[in-house]
Amino acid sequence: HAHLPDLDSEKLKKEIEKSNMIFLKELGEIPDIFAYPYGETNEKIIDLLKDYKFKIAFGQHSGVVNELSNFYYLPRFSLNEKYGDIDRVKFAANTIGLGIYDFVPSNPQITNNPPFIGFSVLNLKLSNSLNCFVFDSNGQVGIDIFKFNERIEIRLKRKISNGRSRLNCTAIDENGNWHWFGHQFYFSKN
């Protein structure tokens with residue numbers, strides 16, 4: 001697959017239409033769900049998927065779908081040979097959405113590096129046990145977390161590397177339930 005954020009509008013349309021024709025030929029219908037290759041997307045691609053009448057689209061970041069999720073950038077847990085043992089499956093199946101809203105940056109494709117990251121937490125109690133981590137191709141990125149009631153701001157201590165990076169935030173509620181939010185970013189120097 002191509003890295004969709006690197007394509008211009010015409011090439012994006014051709015990529016989607018080619019995939020749709022393959023689905024139509026092989027399955028007899030065009031799905032109304034979409035999975036971004038490598039989980040990489042941007043606002044331009046999301047708008048294009050809406051024009052093509054896709055109902056939902058999945059990134060490649062871990063997290064839980066909940067009532068505040070962006071239907072065009074849904075998370076999904078990897079369950080594979082590295083992260084697919086039964087304990088991991090049980091853990092993922094029992095996690096709850098963290099309830100994040102007003103997330104910035106709204107565009108998954110980063111233009112400012114390091115990015116300014118901020119969001120609000122629906123359940124104020126969860127912000128007390130909140131832990132966040134940022135990873136890129138060079139490993140974990142050091143961060144500072146600032147909490148202002150329900151508003152959380154994250155400052156990275158270095159720029160993220162070219163390509164994909166991820167933010168994962170978790171919290172444990174008073175009943176011992178894990179709440180999870182994940183977001184993937186894409187940065188290209190080009």
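Residues numbered from 1 in each chain as written. Predicted model: local features only at pLDDT ≥ 70, side-chain atom pairs only at ≥ 80, totals over all residues. Heavy atoms only, no water.

Visitor: Explain the environment of S19 to me, and be specific about the residues and the numbers.
Guide: Here S19 lies in helix 1 (residues 9-27). Judged by its relative accessible area of 27%, S19 is partly exposed. (Helix = DSSP H or I, 4+ residues; strand = E, 2+ residues; numbered from the N terminus. Buried < 20%, exposed > 50% of the residue type's maximum accessible area, 1.4 Å probe, protein only.)

Visitor: So, the nonpolar core: which residues are in play, and what are the values?
Guide: Judged by nonpolar contacts, the single largest core of 23 residues is most densely connected at F119, I154 and L167. Taken together, the elements giving at least two residues each to this core come down to strand 4 (100-104), strand 6 (117-121), strand 7 (131-136), strand 10 (151-156), strand 11 (163-172) and strand 12 (178-187). Of all hydrophobic cores here, the second largest spans 14 residues; its members include L4, I46, L48 and L49. (Core = buried A, V, L, I, M, F, W, Y, C linked by side-chain atoms within 4.5 Å.)

Visitor: Can you explain unusual backbone geometry? Please cite residues and give values.
Guide: The omega torsion of the bond from V104 to P105 falls at 10°, within 30 degrees of zero and hence cis. Position of P105 relative to the elements: it lies in the loop between strand 4 and strand 5 (109-110). Cis geometry marks the peptide bond from N113 to P114; its omega dihedral reads 5°. Relative to the assigned elements, P114 resides in the loop between strand 5 and strand 6. Positive phi outside glycine occurs at Y38, with the angle close to 65°. When you line up the elements, Y38 lands in the loop between strand 1 (33-35) and helix 2 (43-51). With a phi close to 55°, D102 is a non-glycine residue in the positive phi region.

Visitor: With reference to specific residues and values, describe the sheet that holds strand 4.
Guide: Strand order in this open sheet of four strands is 4-6-10-9, and the pairing throughout is antiparallel. Both edges of this open sheet fall to strand 4 and strand 9 (143-148), since each of them pairs with a single strand only. Looking at each pair of strands side by side, their axes are set apart by 20° on average, direction ignored. Bridging between strand 4 and strand 6 involves three bridges; their strand directions are antiparallel. When the sheet's bridge partners are listed, V104 is paired in strand 6 with G118. (Pairing = 2+ DSSP bridges. Axes fitted to C-alpha atoms, helices over the stretch in contact; angles between N-to-C directions.)

Visitor: How would you summarise a nonpolar patch on the surface if you had to cite specific residues and measurements?
Guide: A grouping of M21, L24 and I30 is seen on the molecular surface, where their side chains present a nonpolar patch of about 260 Å² in accessible area. Given a relative accessible area of 36%, I30 falls into the partly exposed group. (Patch = residues over 30% accessible without salt bridge, like charges linked within 9 Å, V, L, I, M, F, W, Y side chains within 5 Å. Areas by Shrake-Rupley, 256 points an atom, 1.4 Å probe, with all protein chains shown as cover. Salt bridge = Lys/Arg side-chain N within 4 Å of Asp/Glu carboxyl O.)

Visitor: Got a sec to walk through the state of the cysteines? Specific residues and values, please.
Guide: Under the defined criterion, the tally for this structure stands at one disulfide. Two residues share a disulfide in this structure: C132 and C169, whose sulfurs sit 2.2 Å from each other. An S-S torsion of about 115° defines the bridge between C132 and C169 as right-handed. Of this pair, C132 sits in strand 7 while C169 sits in strand 11; the two residues are 37 residues apart in sequence, bridging distant segments of the chain. Here C132 matches C169 in class, with each residue buried. (Disulfide = S-S within 2.5 Å.)

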